[in-house]
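# Chain and residue survey
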Amino acid sequence: MTALSVAPVVPLLSDSSRNLWWGAVIGGFVVVLAVAALLTILVLEVRTIDRRVAAVKETLKAAEHNTEDAALIGVTAGGVEAVLAEGLQHHLFLGRVLGKVRM
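These remarks concern the structure in this document.

Once that is clear, we can look at the overall build of the protein chain. Helices and strands together make up the secondary structure of the protein chain, namely 2 helices and 0 strands. Whereas a compact globule of 103 residues would reach a radius of gyration of roughly 13 Å, the protein chain reaches 43 Å, over 25% beyond that. Across its three principal directions, the C-alpha atoms of the protein chain cover 145 × 35 × 15 Å. In the protein chain, buried positions account for 1% of the 103 residues. A total accessible area of about 9800 Å² is found for the protein chain, and carbon and sulfur atoms account for 71% of it. Positive and negative side-chain charges of the protein chain, numbering 9 and 9 respectively, have mean locations separated by a distance of 7 Å.

Structure follows, in structure tokens:
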């Protein structure tokens, strides 16, 4: 038996068809690179957003801890008013007493 040699079949393309094919191949690579670049930018932006969301969550937790004692503001205000009233009484008393002593 003799081995049959088979020559590869190469389709013959005209120069314009070959140029169109190369244009399509290069255009495909450009599109793939553009999509890869846009997806990379998207991933970086999503990471930035995630970091900023975490920072905002921490800020909100800090604000929550800062305002836990907000209910005591009214009680403290009442105490401050009482101290001021007592101070006014002392001031008035000392004013009368010192006025009598100086004369």
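A few words now on the pattern of salt bridges. When charged atoms on two side chains of opposite charge get close, those side chains can pair. Per the counting criterion, the structure on display carries 1 salt bridge. Taking the shortest distance from any N to any O, the salt bridge between Asp15 and Arg18 comes out at 3.2 Å. Taken together, the residues span about one helical turn, with Asp15 and Arg18 both in helix H1 (residues 15-66) at a distance of 3 residues. Asp15 gets classed as exposed once you look at its relative accessible area, which sits at 56%.

Here the focus is a nonpolar patch on the surface. Taken together, the side chains of Trp22, Val25, Ile26, Phe29 and Val30 make up a nonpolar region of the molecular surface, amounting to roughly 540 Å² of accessible area. Mapping Val30 onto the fold places it in helix H1.

On to the environment of Leu94, then. Mapped onto the elements, Leu94 comes out in helix H2 (residues 72-102). Separated by 45 residues in sequence, Leu94 and Ile49 have C-alpha atoms that sit 64 Å apart.

Rules used throughout
- Residues numbered from 1 in each chain as written.
- Predicted model: local features only at pLDDT ≥ 70, side-chain atom pairs only at ≥ 80, totals over all residues.
- Heavy atoms only, no water.
- Helix = DSSP H or I, 4+ residues; strand = E, 2+ residues; numbered from the N terminus.
- Rg over C-alpha atoms; globule rule 2.2 N^0.38 Å.
- Buried < 20%, exposed > 50% of the residue type's maximum accessible area, 1.4 Å probe, protein only.
- Areas by Shrake-Rupley, 256 points an atom, 1.4 Å probe, with all protein chains shown as cover.
- Lys, Arg positive; Asp, Glu negative; His and termini not counted.
- Charge placed at Lys NZ, Arg CZ, Asp CG, Glu CD.
- Salt bridge = Lys/Arg side-chain N within 4 Å of Asp/Glu carboxyl O.
- Patch = residues over 30% accessible without salt bridge, like charges linked within 9 Å, V, L, I, M, F, W, Y side chains within 5 Å.

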